[in-house]
Amino acid sequence: MLAIQIASFDPHSSQAVRLVQFSIFIYTICAAVLLLVTGLVSYAVIRFRGRPGQPDPTPGYGRVKLEIAWTLGPFILVIVIFVFTFRTAQAVDPPAPASPDLVIVAHQWWWEVRYPRAGFTTANEIHIPIGKDLAFRIESADVIHDFWVPQLARKMDAIPGHPSNIWIEANRIGTYLGACSEFCGAEHGWMRFRVIVDSQVDYDAWEKQQARLAADPSPGLPAEGFRLFHEETCVRCHTVDGTEAKGDVGPDLTHVASRQRIAAELLANTPENMTRWMTDPQAIKPGCHMPNMQFTGDQVKAVVAYLEELR
Amino acid sequence: MSDMTLGRLPMPLGAETADKHHLLSWLTSVDHKQIGVMYLAATLGFFAVGGIEALLMRIQLAWPGLKVLSPDAYNQIFTMHGTTMIFLVVVPMLLGFATYLSPLMIGASDMAFPRLNALSFWLLLFGGFLLYFSFFAGGAPNAGWFSYAPLSEKPYSSQPGTDYWALALLAIGVGTIAAGLNLIVTIITLRTPGLTIRRLPLFVWMVLINSFLILVALPPLNASLVMLLVDRQLSAHFFTTLGGGSPILWQHYFWSFGHPEVYIMVLPAFGMISEIIPVFSRQPIFGYAFVAVSTAAIAFLSTAVWAHHMFAVGLGHSWDLAFGASSMLIAVPTGVKVFNWTATMWGGAIRFTTSMKFAIAFLITFTIGGLTGVAFAAFPVDWQLTDTYFVVAHMHYVLFGGTVFAVFAGVYYWFPKMSGRMLSEQLGRVHFWLTFIGFNLTFLIQHVLGLAGMPRRVYTYPNFLSWGIMNLISTLGAFLLGISVLVFLVNLYVSLRGGSTAGDNPWEAWTLEWATTSPPPLQNFERVPPVRSARPLWDLAHPEEADWKCHPR
């Protein structure tokens, strides 16, 4: 991917399209003003270069009419920009509904994704159907974060005690990368996520699968992993629906194996990477709240075998 | 006309006899020139430290996934870079120029309160030491120069770094307020007879307005620092949701200081440009009144724009519209200045000294920073780009391409007055071009990085080839910029040792500081020339075309 992909200029939701149109309008005005100033300065610099020994020119002290002109000109421009700002804001960011379609809760350094209508929770990967205008509520469980998917929506801070709302109506199937956009501590750099826009059919299938409770582990290694998971305090921080694991410090793991990435986009979700992660999370994501569980190699294998069944 | 009487104050005991080159004479000095030079020397030192921190950050970001700095080390370094550059470099550097030049430019012999002046400087220096001591006391602050609550609160920052940050900023802030007060009293009461407010050099005009802005902006910061300390040390909850506090309150407090602060960091630089461009264009400033009054307009508006730092908070459209409008309006008086400076060159006979080159480059680079600022005020743009590298680019175009370029122009312009020697123009040419190219190489591409989706304050980023290449370019530019600073330091050293003698008025300038020797004597003036216009030395040299005849005011 050598071509520079300018996410902010490649919108795939009705809201982002409006944002880009408005932004390009503003950048064009800025570029025109810059061109004007650069032109005037360049002309003055070339044309009025002093020669050695040249006497000082007769003093000029200013011309009030000109100055009034270049006070009023920018003033009018500002009014024009303000009117378009107002209209764009109204279109992109309408008032919030009483109950949102999705609730995003930002944590240090991952994203909890709740689907209140279907009644399940996932993490770091947000599936939405194409063509539906969806209301997202943005909340925070600890410090201030910011929810930003440049190709789909405006950014919105996640502030403790101050929920906010945004709208997304995606218009193309695909995967769109997002990132926390407010400094939030050690692993701010790896507080990333993705939004996957599905066809309605695919979305419905995904929703049905996510709403299921976790299946019981197979006998053998997965069952051993299940036992470790419950005995070695994993359950204090993680939830697996249908079991006793009800913690909400770390991501919901009910269907963790169905996700594409782990550790908020840091690694591809493969058994090898999951093994590395379970062995020493602090080596991979220094400062994150997942401790090194001091598992032996066999214990890691068992837990990974269990997690891989959580599809 | 009794020009001599008002400009003089009785000097504090001991100052008359002090040997200028003796270390003790510096440490105990209450002379505004020595204190001004100490301000500049200290800020140059901090500038070097903050620059090294910037290079460390650029090394870590040069390519995706590097592990030069740990996440926590990176967060400490970027917090210290921002805090250093804002509180220990840009503001005090401008205060240093103001302290050195204001009394000279108004024909006074010192500041109104010389001892308070010394206190301001020493509070700055020891505030700086206190801040840096945190490295040895359990870790530097790591919550950003803005220390957003609740990240800066005890549960999320248990190390003492944030406490050092707050205490150091309190010390520096008290010193800055004292300096602002001192400058106001000096400029209002110690002007030489004839130097009415409408004949004040524009630099002094802007220092005066800037000082009022300091009095408006710094106390809210000090108050909120105390509140943060009470939260952290006494378990109060001004800024935590537990017990009814609000993290958004911190943002309101901090930015009600923080945005006037941006203009505190730029108005005196505007003043320097307003002195330098006329002298090297050999023309009086185009539209003195517009340039002066537009400064007051900027200062006034700057107190009512703070929530434009909070467009992503979700305060609601009424807030966003009000603060968007006030922020856009600042473009009008700022635009007036840029047009007036350009018009000053128009019809002139421009002398391309290093100082003038920096001033001309300032016109372009500052305009870029100003225009992206207008784009952010149109807040749907901000909704996309705030807290991305686009902002990093924007604010460096304002503070580096604006203020620092103006300060370099000012150093080349006033160094001869301060030292009695000229800075080398050969080295100056190298310094200018390396700075100009290095600066644009570093920061222009960061606009694109922001548009491509790279958030700021991240210690690393995903393995995207295009992001890696753009970051690498930025890092190369930063090192070029580092080299340019070395060239500047060499120039300072070489010129102090063996630069050509400056004489009283090497640039054929027109304001009062050029009417005395270089460097000026302890009492500044043997005799202050009569002031009948904004350009007294022009009037002396051109009695037939004197300003007070052609353009009385």
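Note that this is a predicted model, so its numbers are computed, not measured. (Residues numbered from 1 in each chain as written. Chains lettered and ligands numbered in written order. Predicted model: local features only at pLDDT ≥ 70, side-chain atom pairs only at ≥ 80, totals over all residues. Heavy atoms only, no water.)

A.B. asks: Explanation requested: the overall build of chain A in the structure shown.
C.D. replies: Across its full length, chain A carries eight helices and twelve strands. Computed over C-alpha atoms, the radius of gyration of chain A comes to 27 Å, more than 25% over the 19 Å expected from 2.2 N^0.38 for 311 residues, which places it beyond the range of a compact globule. Sorting the 311 residues of chain A into buried and exposed places 53% on the buried side. Across chain A, the fraction of contacts at a sequence separation of at least 24, relative to all contacts at a separation of at least 6, is 63%. Total accessible area computed for chain A in this model is approximately 13700 Å², and 60% of it derives from carbon and sulfur atoms. (Helix = DSSP H or I, 4+ residues; strand = E, 2+ residues; numbered from the N terminus. Rg over C-alpha atoms; globule rule 2.2 N^0.38 Å. Buried < 20%, exposed > 50% of the residue type's maximum accessible area, 1.4 Å probe, protein only. Contact = heavy atoms within 4.5 Å. Areas by Shrake-Rupley, 256 points an atom, 1.4 Å probe, with all protein chains shown as cover.)

A.B. asks: Mind showing me how you'd approach the nonpolar core here?
C.D. replies: Looking at soluble globular proteins, one finds that nonpolar side chains tend to be buried together. Formed by 276 residues in total, the largest nonpolar core has its most connected members in Ile126(A) and Phe136(A). Apart from the residues lying within four places of it in its own chain, the contact partners of Ile126(A) are Leu102(A), Ile104(A), Val113(A), Tyr115(A), Phe136(A), Phe147(A), Phe193(A), Arg194(A), Val195(A) and Ile196(A). (Core = buried A, V, L, I, M, F, W, Y, C linked by side-chain atoms within 4.5 Å.)

A.B. asks: How should the side chain of His447(B) be read in this particular structure?
C.D. replies: Residue and element names in this part refer to chain B. Within the secondary structure, His447 is located in helix α15 (residues 425-451). Judged by relative accessible area, which is 9%, His447 ranks as buried. Every residue in contact with His447, bar those within four places of it in the chain, is listed here: Ile368, Thr372, Phe390, Ala393, His394 and Tyr397.

A.B. asks: Would you mind going over the interface of chain B and chain A with me for this structure?
C.D. replies: A common way to report how large an interface is uses the accessible area buried once the components associate. Of the residues lining the interface, 92 residues belong to chain B; the matching set on chain A comes to 87 residues. For the pair chain B and chain A, the summed buried surface comes to about 7700 Å²; carbon and sulfur atoms form 72% of the total. Counting the surface chain B buries against chain A, the share from its top three residues, Phe339(B), Trp383(B) and Gln384(B), is 10%. Between chain B and chain A we count two salt bridges in total. Between Asp56(A) and Arg282(B) there is a salt bridge, and its shortest N-O distance comes to 2.9 Å. Where chain B meets chain A, there are 20 residue pairs in polar contact (both at pLDDT 80 or more). Ranked by residues supplied to the side of chain B that touches chain A, first place goes to helix α11 (residues 317-345) of chain B with 13 residues. Its residues placed into classes, the side of chain B that touches chain A shows 62 nonpolar, 22 polar and eight charged. (Buried area = accessible area lost by both parts, 1.4 Å probe. Salt bridge = Lys/Arg side-chain N within 4 Å of Asp/Glu carboxyl O. Polar contact = N/O pair within 3.5 Å; in protein donor to acceptor, adjacent residues only side chain to side chain. Nonpolar A, V, L, I, M, F, W, Y, C, P; charged D, E, K, R; others polar.)

A.B. asks: Honestly, the pairing of strand β9 (residues 174-180) of chain A in this entry has me stumped. Any pointers?
C.D. replies: Each regular strand displays side chains that alternate between the two surfaces of the sheet. Residues and elements named next belong to chain A. With respect to burial, β9 is a largely interior element, five of its seven residues being buried. Where β9 lies against strand β10 (residues 192-198), six bridges are found, and the strand directions are antiparallel. The residue bridging Gly178 from the neighbouring strand is Phe193, located in β10. (Pairing = 2+ DSSP bridges.)

A.B. asks: Looking at this structure, how should I read the confidence of the model for chain B?
C.D. replies: If pLDDT is low for a region, its predicted coordinates should not be looked at in detail. Residues and elements named next belong to chain B. Predicted confidence across chain B gives a mean pLDDT of 94, with 96% of residues reaching 70 or more. Low pLDDT, under 50, characterises residues 1-18; the predicted model gives this stretch 33 contacts beyond four residues in sequence or across chains. Both scores are given for the predicted complex: the pTM is 0.95, the ipTM 0.96. (pLDDT = per-residue confidence, 0-100.)

A.B. asks: Got a minute to help me understand the environment of Trp190(A) in this structure?
C.D. replies: Among the structural elements, Trp190(A) can be located in the loop between β9 and β10. Overall, the relative accessible area of 10% leaves Trp190(A) in the buried class. With 80 residues separating them along the chain, Trp190(A) and Trp110(A) place their C-alpha atoms 8.4 Å apart. Sequence-distant contacts of Trp190(A), that is, excluding residues within four places in its chain, are made with Trp109(A), Ala263(A), Ala264(A), Glu265(A), Leu266(A), Lys285(A), Tyr459(B), Thr460(B), Tyr461(B) and Pro462(B).

A.B. asks: I'm lost on the pairing of strand β8 (residues 164-169) of chain A in this one. Help?
C.D. replies: Residues and elements named next belong to chain A. Extensive coverage of β8 is indicated by the burial of five of its six residues. Of the strand pairs in this sheet, strand β5 (residues 133-140) and β8 are connected by six bridges, and their pairing is antiparallel. Considered in β8, the bridge of Arg137 is made with Asn165.

A.B. asks: Would you mind showing me how to read the sheet that holds β10(A) here?
C.D. replies: Pairing between sheet strands relies on hydrogen bonds along the backbone, with the strands arranged either parallel or antiparallel. All names here are of chain A. Read from one edge of the open sheet, five strands run β4-β10-β9-β6-β7, paired in mixed fashion. The open sheet has two free edges, formed respectively by β4 (125-129) and β7 (156-158), since each of these has just one partner strand. Shown here is a sheet whose adjacent strand axes are inclined to one another by a mean of 25°, direction ignored. Sheet strands in contact with helix α3 (residues 200-211) are β4 and β10, and its direction is about 130° off that of β4. (Axes fitted to C-alpha atoms, helices over the stretch in contact; angles between N-to-C directions.)

A.B. asks: Would you take a moment to explain the layout of surface pockets for this structure?
C.D. replies: Rolled over the atoms, a probe sized like a water molecule indicates the empty space that remains. Residue and element names in this part refer to chain A. Computed from the structure, the second largest pocket encloses a volume of approximately 600 Å³. Considering the residues around the second largest pocket, the lining is formed by 30 residues, among which His238, Gly250, Pro251, Trp277 and Met290 are closest to the centre. The set of elements that each furnish at least two residues to the lining of the second largest pocket consists of α5 (234-237), β11 (261-262) and α6 (271-279). In terms of residues, the lining of the second largest pocket owes the most to one element, α6, which gives three residues. The residue inventory of the lining of the second largest pocket, partitioned by class, reads 20 nonpolar, seven polar and three charged. When we break the lining of the second largest pocket down by domain, the ones giving at least three residues each are domain 1 (1-44 + 63-202) and domain 2 (221-307). (1 Å grid on protein atoms, 1.4 Å probe; cavity = no way out; pocket = protein on both sides within 12 Å on 5 of 7 lines; lining within 4 Å. Points joined across faces, edges and corners; volume = space filled by probe spheres on them. Domains from an automatic or database assignment.)

A.B. asks: Got a minute to help me understand the sheet that holds strand β3 (residues 120-123) of chain A in this structure?
C.D. replies: Residues and elements named next belong to chain A. Taken in spatial order, the five strands make up an open sheet running β3-β2-β1-β5-β8, and their pairing is mixed. Either end of the sheet is taken by a strand with one partner, and the two such strands are β3 and β8. For this sheet the average axis-to-axis angle between neighbouring strands, irrespective of direction, equals 25°. Pairing geometry for strand β2 (residues 110-115) and β3, over four bridges, is antiparallel. When the bridges of β3 are listed, Arg114 appears paired with Thr121. Those strands touched by α3 are β2 and β3, and its axis lies near 105° from that of β3.

A.B. asks: Looking at this structure, I do not really get a nonpolar patch on the surface. What am I missing?
C.D. replies: A contiguous nonpolar surface patch, about 740 Å² in accessible area, is contributed by Val64(A), Ile68(A), Leu72(A), Phe75(A), Ile76(A), Ile79(A), Val80(A), Val83(A) and Phe84(A). Look at Ile79(A) and you get partly exposed, because its relative accessible area is 43%. (Patch = residues over 30% accessible without salt bridge, like charges linked within 9 Å, V, L, I, M, F, W, Y side chains within 5 Å.)

A.B. asks: For this particular structure, what's the right way to read the domain arrangement of chain A?
C.D. replies: Residues and elements named next belong to chain A. The assigned domain composition of chain A is domain 1 (1-44 + 63-202) and domain 2 (221-307). Distance between the C-alpha centres of domain 1 and domain 2: 33 Å. Counting from both sides, the interface comprises 18 residues of domain 1 and, opposite them, 17 residues of domain 2. When domain 1 packs against domain 2, close to 1600 Å² is buried across both sides, 50% of that on carbon and sulfur atoms. At the boundary of domain 1 with domain 2, the tally comes to one salt bridge. The closest approach of N and O atoms between Glu265 and Arg194, which form a salt bridge, is 2.7 Å.

A.B. asks: Help me out: how do you make sense of empty space enclosed by the protein in this one?
C.D. replies: All names here are of chain B. One pass over the structure, following the stated rule, counts six cavities of 30 Å³ or more. In this structure, the largest cavity occupies an estimated 250 Å³ of space. If you go around the largest cavity, you meet 20 residues; those closest to its centre are Pro284, Ile285, Tyr288, Ala534 and Arg535. Examining the composition of the lining of the largest cavity, we find that four residues originate from one element, helix α9 (residues 267-281), more than from any other. Residue-level mapping places the lining of the largest cavity at the junction of two domains, with at least three residues from each of domain 1 (34-265) and domain 3 (521-553).

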